[in-house]
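# Descriptive structure summary
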Amino acid sequence: PLASPLARARRFRRSPLGAQRRKWLNALDDVLCLVWTCGLIEYQQVLYEDNSECRINESLNLFGQWANNKSFSSTPLLLAFTKKDVFYQTWDAVRFKSVFADFGGATADEGIAYLTEAFKSRLKNRAPGAPFSSFALDATSAEDSVDLVTTIRQQVATSSSGMLMDAVQKTKDEMEKKNQRRGS
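Residues numbered from 1 in each chain as written. Predicted model: local features only at pLDDT ≥ 70, side-chain atom pairs only at ≥ 80, totals over all residues. Heavy atoms only, no water.

## Quick notes on unusual backbone geometry
Backbone geometry at Lys83 places phi at a positive 65°, although glycine is not the residue there. One can find Lys83 in the loop between strand E2 (77–82) and helix H4 (84–90). (Helix = DSSP H or I, 4+ residues; strand = E, 2+ residues; numbered from the N terminus.)

## Brief notes about the nonpolar core
Across soluble globular proteins, nonpolar side chains show a tendency to be buried alongside one another. In this structure, Ile56, Phe81, Phe87, Trp91, Phe96, Phe100 and Phe119 are the most contacted members of the largest nonpolar core, which totals 32 residues. Put simply, the parts of the chain that give this core at least two residues each are strand E1 (34–39), helix H3 (55–67), E2, helix H5 (93–99) and helix H6 (108–120). Ignoring any residue separated from it by four or fewer positions in sequence, one finds Phe119 in contact with Trp36, Cys38, Ile56, Ser59, Leu60, Phe63, Leu79 and Phe81. Cys33, Ala80, Leu137 and Val156 belong to the second largest nonpolar core, which has eight residues in total. (Core = buried A, V, L, I, M, F, W, Y, C linked by side-chain atoms within 4.5 Å. Buried < 20%, exposed > 50% of the residue type's maximum accessible area, 1.4 Å probe, protein only. Contact = heavy atoms within 4.5 Å.)

## Thoughts on the pattern of salt bridges
For the coordinates displayed, the defined rule picks out three salt bridges. The residue Glu42 makes a salt bridge to Arg55 at a minimum N-O spacing of 3.9 Å. Here Arg55 lies in helix H3 and Glu42 lies in the loop between E1 and H3, a separation of 13 residues in the sequence. (Salt bridge = Lys/Arg side-chain N within 4 Å of Asp/Glu carboxyl O.)

## Digging into the sheet that holds strand E3 (residues 132–136)
One open sheet holds the three strands; their spatial order is E1-E2-E3, and the pairing between them is parallel. Each end of this open sheet is capped by a strand with a single partner; those strands are E1 and E3. Strand-to-strand twist of the sheet, defined as the mean angle between neighbouring strand axes without regard to direction, takes the value 20°. In this structure, E2 lies alongside E3, joined through five bridges in parallel fashion. Residue pairing in the sheet places Leu78 in a bridge with Ser133 of E3. Contacting E1, E2 and E3, H3 runs over the sheet at an angle of about 170° to E1. (Pairing = 2+ DSSP bridges. Axes fitted to C-alpha atoms, helices over the stretch in contact; angles between N-to-C directions.)

## Quick look at the environment of Ala80
Mapped onto the elements of the fold, Ala80 is located in strand E2. For Ala80, a relative accessible area of 0% corresponds to the buried category. For the pair Ala80 and Gly39, spaced 41 residues apart in sequence, the C-alpha separation works out to 8.5 Å. In contact with Ala80, other than residues within four places in its own chain, are Val35, Trp36, Thr37, Cys38, Phe135, Leu137 and Leu148.

Any functional reading would require information that these geometric values do not contain.
This is how it looks when you write it as structure tokens:
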């Protein structure tokens, strides 16, 4: 039987990088897609280790460092905003403008569009045509999770990287081994 979309989503390897980015860089030489997650409500939060620094600014800076690393210049990149439901419930345009003085909007949707552009503006060393997209996730929506996985698959499939075929072959080999063990 075919696995459900959520079960297939669990097969993706997640690497929490954060402040340990230099330590992890060597382990990421076979990345098919870089998925950067950022909570939409981070404009309302400060860093645990430095309560004078807004969390969204740290996310923007880290994103710029990772996304512009030469190792990922042609790797498909997906910006996944999380906590969309909480963002809409707690939207505060005045507070948002206190973090982003040049924000000219008023609605939560305009805030998401602004953040998307703020992250995109950090992309400096991407290869021409390198896939990039953004996505906002509602924590309570299974459909959003399935859509995210579908977007990742589409980006990887349209990437010119030969690594995709290697990954497909590896998955096929693993499935054949499992089937052989079941048949024995």
